[in-house]
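Architecture and fold: a report
Single-letter residue listing:
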Amino acid sequence: MRHPPNLKHAGIEYDLSHLQQSQVTVTLASHNKNPEIELLLDVRFSNHCYSEGDPKTAGHPHDLLDHNNKPRWFCPDRHRMSLQLPDIIQALHTKKCLFTGKNNWLVVESQNALGTTVNYHVYFNLKKHREIENSLIMYVESAYEKTKGNNAPKRGRGHDRIGFPMLARKTLADKSIKRPPRGR
């Protein structure tokens, strides 16, 4: 999804340059028989990173349509939090990702832009880039601060997480990724 470089809302202009399609290179450290590799992430963002489907206030959509042509409302809070996304993605190779059961993954950060501890959920999917070696297309589907009432996968004793390097290597190798069985 392409975004304008700026979005004007309620007389304020919001910068969206951090959500333009970009390429990020991360190093996946060697692990067991897997050698160290430089991985290129071709990162794309949905407008769900700065908009919401159920507005907190009444009104009309702000001329935003998502990838399914559904109306969206601009959300200043989501926009403010989205400023962290480039740094989160740059450090993703050090993170554990949660299984969602919906063919996407979740990373939870624990701090907002103001330094307060919150749960910031970043949902994304990965697919192998067929034109560039050691490259994945990463689509950030949504990102929002977890507040009461929002649904999110439940964490369970670490059995429902996978390290991003393993997730990336399996995606590069076209291998299926299965949720580990519970109770081990």
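Rules of the game
Residues numbered from 1 in each chain as written. Predicted model: local features only at pLDDT ≥ 70, side-chain atom pairs only at ≥ 80, totals over all residues. Heavy atoms only, no water. Pairing = 2+ DSSP bridges. Helix = DSSP H or I, 4+ residues; strand = E, 2+ residues; numbered from the N terminus. pLDDT = per-residue confidence, 0-100. Buried < 20%, exposed > 50% of the residue type's maximum accessible area, 1.4 Å probe, protein only. Contact = heavy atoms within 4.5 Å. Salt bridge = Lys/Arg side-chain N within 4 Å of Asp/Glu carboxyl O. Core = buried A, V, L, I, M, F, W, Y, C linked by side-chain atoms within 4.5 Å.

1. Remarks on the sheet that holds strand β6 (residues 64-65)
Read across the open sheet, the three strands follow the order β5-β7-β6; overall the sheet is antiparallel. The open sheet has two free edges, formed respectively by β5 (51-52) and β6, since each of these has just one partner strand. Note: β6 against strand β7 (residues 71-74), two bridges, orientation antiparallel. Each residue of the ladder has a partner; that of Leu65, found in β7, is Pro71.

2. Section: the confidence of the model for the protein
Model confidence for the protein is summarised by a mean pLDDT of 83, while 82% of its residues fall at 70 or above. The spread of mean pLDDT over the elements of the protein runs between β6, the lowest at 78, and strand β4 (residues 37-45), the highest at 96.

3. Structural notes on the side chain of Ser135
You can see Ser135 is positioned in strand β11 (residues 135-145). Relative accessible area serves as the criterion here: at 0%, Ser135 is assigned to the buried category. Ser135 has contacts with Leu39, Leu40, Lys128, His129 and Leu172, leaving out every residue within four places of it along the chain.

4. Things to note about the pattern of salt bridges
Using the criterion set out here, one finds four salt bridges in the structure. Between Asp77 and Arg80 there is a salt bridge; the shortest N-O distance is 3.6 Å. Here Asp77 pairs with Arg80, and both are found in helix α1 (residues 76-82), just three residues apart, close to one helical turn. Under the relative-accessibility criterion, Arg80 is labelled partly exposed at 26%.

5. Overview of the nonpolar core
In this structure, Leu39, Leu41, Phe124, Met138 and Phe164 are the most contacted members of the largest nonpolar core, which totals 39 residues. For this core, the element with the highest residue contribution is β4, accounting for five residues. Setting aside residues up to four positions removed in sequence, Phe124 forms contacts with Leu92, Cys97, Asn104, Trp105, Leu106, Val107, Met138, Tyr139, Val140, Glu141, Phe164 and Leu167.

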